[in-house]
Amino acid sequence: MRLSIVIPCFNEAENVDQLYKQLQPVADEIDSEVEFVFVDDGSMDTTFEQLKALADKDKRIQVISLSRNFGHQAALTAGIDHAGGDAVVFMDADLQHPPQLIPRFVEKWQQGYDLVYAHREGVKPRLGYRIINTLMKVRVPAESADFKLMDRRVVQAFRQMPERSRFIRGMISWLGFKQIGIGYQQAQRFAGRRTYTVRQTAKMALDAILAFSTIPLRMASVLGLVTLLAGLAYAVYIIYAKFAGWSVTGWTALILTVLILGGVQLICLGVIAEYIGRIFEEVKNRPLYVVREHIGKNQSKQ
Ligand code: UDP
Ligand code: MG
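The structure reproduced in this document is the subject of the present report. Being a predicted model, the structure only gives us computed values, none of them experimental.

This paragraph deals with the pattern of salt bridges. All told, the structure shown has twelve salt bridges when counted by the stated rule. Among the ionic pairs, E35 bridges to R2, the shortest N-O distance being 3.6 Å. Here E35 is found in strand β2 (residues 33–40), whereas its partner R2 is found in strand β1 (residues 2–9), with 33 residues between them in sequence. Accessibility classification places E35 together with R2 in one group, the buried group. Among the salt bridges present, the one from D114 reaches R153, with a minimum N-O distance of 3.0 Å. Of the two residues, D114 sits in the loop between α4 (102–110) and β5 (115–120) while R153 sits in helix α6 (residues 152–159), which places them 39 residues apart along the sequence. Shared partners join several salt bridges into a network, and the residues in it are K203, D207, E274 and R278.

With that settled, the discussion passes to the packing of aromatic side chains. If you walk through the whole model with that rule in mind, you get four aromatic pairs. The interplanar angle of 70 degrees and the centroid separation of 6.3 Å between the aromatic rings of Y20 and F36 together place this pair among those described as edge-to-face. Placement of the pair is Y20 in helix α1 (residues 13–29) and F36 in strand β2, with a sequence separation of 16 residues. Each member of the pair Y20 and F36 is classed as buried. For the ring pair Y234 and Y237, a centre distance of 6.0 Å and an interplane angle of 25 degrees mean the geometry is stacked. One end of the pair, Y234, and the other, Y237, are both in helix α9 (residues 215–244), three residues apart, so they sit about a helical turn from each other. With a relative accessible area of 43%, Y237 lands in the partly exposed category. Within the aromatic cluster, the residues linked to one another by ring pairs are Y20, F36 and F38.

Turning to the site of ligand 1, a few remarks are in order. Ligand 1 sits among 18 residues. The nearest are E12, D41, D94, R194 and T195. Between D41 and ligand 1, the recorded distance is 2.6 Å, taken from a side-chain N or O atom to a nitrogen atom. Between Q96 and ligand 1, the recorded distance is 2.7 Å, taken from a side-chain N or O atom to an oxygen atom. Against a free-state accessible area of 530 Å², the protein chains account for coverage of 92% of ligand 1.

The next thing to look at is the packing of helix α3 (residues 72–82) against α6. Where α3 contacts α6, the axes come no closer than 10 Å and their chain directions differ by 120 degrees. One finds that α3 runs oblique with respect to α6. Handedness of the crossing formed by α3 with α6: left-handed. Seen from α3, the contacting residues are T77, I80 and D81; seen from α6, they are V155, F158 and R159. Of the residues contributing to the contact of α3 with α6, the split by class is three nonpolar, one polar and two charged.

Ranked by size, the top nonpolar core spans 40 residues in total, and within it L3, I5, I7, I102, F105, F147 and L149 carry the most contacts. At six residues, α1 tops the list of elements feeding residues into this core. Those residues in contact with I102, other than ones at most four positions away along the chain, are L3, I5, L23, V26, I30, V89, M91 and F147. Core analysis: the next-biggest nonpolar cluster, separate from the first, contains 31 residues, I80, A157, M171 and M204 among them.

Inspection of the secondary structure assignment puts D94 in the loop between β4 (87–90) and α4. Not counting chain neighbours up to four residues away, the residues in contact with D94 comprise E12, N15, Q188, R189 and F190. Within the structure, the side chain of D94 is placed 3.1 Å from the backbone nitrogen of Q96, a separation counted as a polar contact.

Before going further, it helps to spend a moment on unusual backbone geometry. The backbone phi angle of L95 is positive, close to 65 degrees, even though this residue is not glycine. Mapped onto the secondary structure, L95 falls in the loop between β4 and α4. A relative accessible area of 8% places L95 in the buried class. Within the chain, N285 stands out as a residue other than glycine whose phi angle is a positive 55 degrees. On the secondary structure map, N285 appears in the loop between α10 (251–284) and β8 (291–295).

Quick notes on the rules
- Residues numbered from 1 in each chain as written.
- Chains lettered and ligands numbered in written order.
- Predicted model: local features only at pLDDT ≥ 70, side-chain atom pairs only at ≥ 80, totals over all residues.
- Heavy atoms only, no water.
- Salt bridge = Lys/Arg side-chain N within 4 Å of Asp/Glu carboxyl O.
- Helix = DSSP H or I, 4+ residues; strand = E, 2+ residues; numbered from the N terminus.
- Buried < 20%, exposed > 50% of the residue type's maximum accessible area, 1.4 Å probe, protein only.
- Phe/Tyr/Trp six-rings, centres within 6.5 Å; stacked < 30°, edge-to-face > 60°.
- Near = heavy atom within 4 Å.
- Polar contact = N/O pair within 3.5 Å; in protein donor to acceptor, adjacent residues only side chain to side chain.
- Areas by Shrake-Rupley, 256 points an atom, 1.4 Å probe, with all protein chains shown as cover.
- Axes fitted to C-alpha atoms, helices over the stretch in contact; angles between N-to-C directions.
- Parallel < 35°, antiparallel > 145°, perpendicular 65-115°, else oblique.
- Left-handed = near helix turned anticlockwise from the far one by under 90°.
- Contact = heavy atoms within 4.5 Å.
- Nonpolar A, V, L, I, M, F, W, Y, C, P; charged D, E, K, R; others polar.
- Core = buried A, V, L, I, M, F, W, Y, C linked by side-chain atoms within 4.5 Å.

See the structure below:
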């Protein structure tokens, strides 16, 4: 049995050596062969040089260096594509994911679970997750992190998902399989700052909702329908008022109608545009990431 540990790194120079050190006893504890797949997601600091130095010493290490920063989800995809193990573990490089949990993942895997994920204990599910779970057809375990073990079967199914809008947590939940969660306390970042920007987080939330649900499209139609009905009711009133001879000044009603209708139309257009934008991204069919350098590739089975 072979275990691949996939670790995306973006400007994690202060963390990688410490992470590697902490992973050693863990790798010894697991009674299967371990391979480390570090993905350097276009780091601007010395992350790549450090990883390269580690790979020179340790033949179990593969380093995949991407040509620029493609984002966490693309980096994970690059890692899983190059992982040759019978099971693949995803973990972050900043030591927020305790490596000590990996042997417990493996234990559950050996008990026959295809997917073992870690979920943060004692954290109330954030509003974002609640919205996602309401809108999406799949359930993403609350506060689950991208810290999980996947059996080869899950990995192969995952590789068949070519979509560009990637919300990996949702995609893996969508796959199903026999899953189990393990609770853990999330540590603080060992060093450095969170590299996810607010924009990236917002984009991921949008991807999560739009890639897994067409409810926003339906909401647009419902909004349109409600507006139409309200407009019709108002029309009946106006016609009645005209025949009844009431004085109709009209200005307020007119401007209100224009504003409301304009607003509703723009919202609906925006929703459709979000989907079309994603269709455009899919149709271009560009690779999800570009590899600049691959170190230790003889190690991989492919
Ligand atoms: N990461 C990456 N590419 C990016 C942003 C982040 O590969 O563009 C990596 C980062 O090095 C870390 C993991 O993704 O290993 C999680 O990032 P971060 O700690 O910033 O996110 P958080 O833990 O706060 O959700
Ligand atoms: Mg982190």
